[in-house]
Amino acid sequence: MFKKLLSNKVLMWIISILVIIAVFVCIVCNFAVNNSMTWMVYPVTSILFGWIVIMPVLYYKKDGVKYSLGLITTFGLLFMLILEQWSGIVGWFIPLAVPIFIASVIYGWILYFLFRKKRNPIYLIAVIIFLSGVLCLTIDLILKASDIYPFPVGWLVFGITTLVSLLIIVTKIILVDNRIRQNNT
């Protein structure tokens, strides 16, 4: 147990040092190119937000994912609102960021609760693949409603993930039926 705790603490330190280095590189590059604080705000805040979200997973282990999802749920929209205000490009937060964020957070929490329950891993994989297609379709429909529609892949991905999920489930059922028949004979 001590060895595992030590390895998590070492990993936390390594990640923290890498985050500090990445932030420092962004600051140095920004000042070397522009002699002022311009674009570095975006990568630096994103790196720090990612670090804040990753640390509970390493520190709290089993409950860390729940805490990280809670942090994303609580502060994700605020983070994106701050980025919108800093960017000077106003108008993407409400029509794009909020609905995509809500869909993504719901997807994350569903996955969290699916993994918390003891389920057959094959069926769990099929459900996760199917739900990822639903999320992709949801994001595609949000982009279409906002007149930002670069290429319609949502329905394609949804169809492929649905097909793959059904193939996994059918294969599992056939294998189980064959195993039951072999055991009965």
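Quick caveat: nothing in here was measured; it's all calculated off a predicted structure.

Colleague: Honestly, the overall build of the protein chain in this entry has me stumped. Any pointers?
Modeller: When helices and strands are tallied, the protein chain shows six helices and zero strands. The C-alpha radius of gyration of the protein chain comes to 22 Å, more than 25% above the 16 Å expected for a compact globule of 185 residues. Across its three principal directions, the C-alpha atoms of the protein chain cover 80 × 55 × 25 Å. Looking at the protein chain as a whole, 26% of its 185 residues are labelled buried. Pairs at least 24 apart in sequence give 57% of the contacts found in the protein chain among residues at least 6 apart. Carbon and sulfur atoms provide 76% of the accessible area of the protein chain, an area that totals close to 12,500 Å². Across the protein chain, the mean location of the 14 positive side-chain charges is 21 Å away from that of the 5 negative side-chain charges.

Colleague: How do you make sense of a positive patch on the surface when you look at a structure like this?
Modeller: A cluster of like positive charges, contributed by Lys62, Lys66, Arg116, Lys117, Lys118 and Arg119, occupies part of the molecular surface. Considering the arrangement of structural elements, one finds Lys62 in the loop between α2 (41-60) and α3 (64-87). On the basis of relative accessible area, Lys62 is assigned to the exposed category, the value being 67%.

Colleague: Before we go on, may I ask you to explain the packing of α3 against helix α4 (residues 93-116) in this structure?
Modeller: Helix packing geometry: the angle between the two helix axes and the distance between the axes. Between α3 and α4, the shortest axis-to-axis distance is 11 Å and the interhelical angle comes to 175°. The pairing of α3 with α4 is recorded here as roughly antiparallel in orientation. Contacts between α3 and α4 involve Val65, Lys66, Leu69, Gly70, Ile72, Thr73, Gly76, Leu77, Met80, Leu81 and Glu84 on the former and, on the latter, Phe93, Ala97, Val98, Phe101, Val105, Gly108, Trp109 and Tyr112. Among the residues making up the contact of α3 with α4, the classes are represented as 13 nonpolar, four polar and two charged.

Colleague: Looking at this structure, how should I read the side chain of Glu84?
Modeller: Take Glu84: it is sitting in helix α3. Comment: no salt bridge for buried Glu84; closest opposite-charge side chain is Lys144, at 24 Å. Excluding its chain neighbours within four sequence positions, the residues that come into contact with Glu84 are Ile89, Val90, Gly91, Trp92 and Phe93.

Colleague: Mind showing me how you'd approach the nonpolar core here?
Modeller: Within soluble globular proteins, side chains that are nonpolar tend to cluster in buried spots. With eight residues, the main nonpolar core is built from Ala103, Tyr107, Leu111, Leu114, Leu124, Ile128, Leu131 and Leu135. Of all the secondary structure elements, the ones that give two or more residues to this core are α4 and α5 (121-145). In this structure Leu124 touches Leu114 and Phe115, once residues within four positions along its chain are discounted. The next biggest cluster of nonpolar side chains, apart from the first, holds five residues, and it includes Val19, Val23, Cys26 and Met40.

Rules used throughout
- Residues numbered from 1 in each chain as written.
- Predicted model: local features only at pLDDT ≥ 70, side-chain atom pairs only at ≥ 80, totals over all residues.
- Heavy atoms only, no water.
- Helix = DSSP H or I, 4+ residues; strand = E, 2+ residues; numbered from the N terminus.
- Rg over C-alpha atoms; globule rule 2.2 N^0.38 Å.
- Buried < 20%, exposed > 50% of the residue type's maximum accessible area, 1.4 Å probe, protein only.
- Contact = heavy atoms within 4.5 Å.
- Areas by Shrake-Rupley, 256 points an atom, 1.4 Å probe, with all protein chains shown as cover.
- Lys, Arg positive; Asp, Glu negative; His and termini not counted.
- Charge placed at Lys NZ, Arg CZ, Asp CG, Glu CD.
- Patch = residues over 30% accessible without salt bridge, like charges linked within 9 Å, V, L, I, M, F, W, Y side chains within 5 Å.
- Salt bridge = Lys/Arg side-chain N within 4 Å of Asp/Glu carboxyl O.
- Axes fitted to C-alpha atoms, helices over the stretch in contact; angles between N-to-C directions.
- Parallel < 35°, antiparallel > 145°, perpendicular 65-115°, else oblique.
- Nonpolar A, V, L, I, M, F, W, Y, C, P; charged D, E, K, R; others polar.
- Core = buried A, V, L, I, M, F, W, Y, C linked by side-chain atoms within 4.5 Å.

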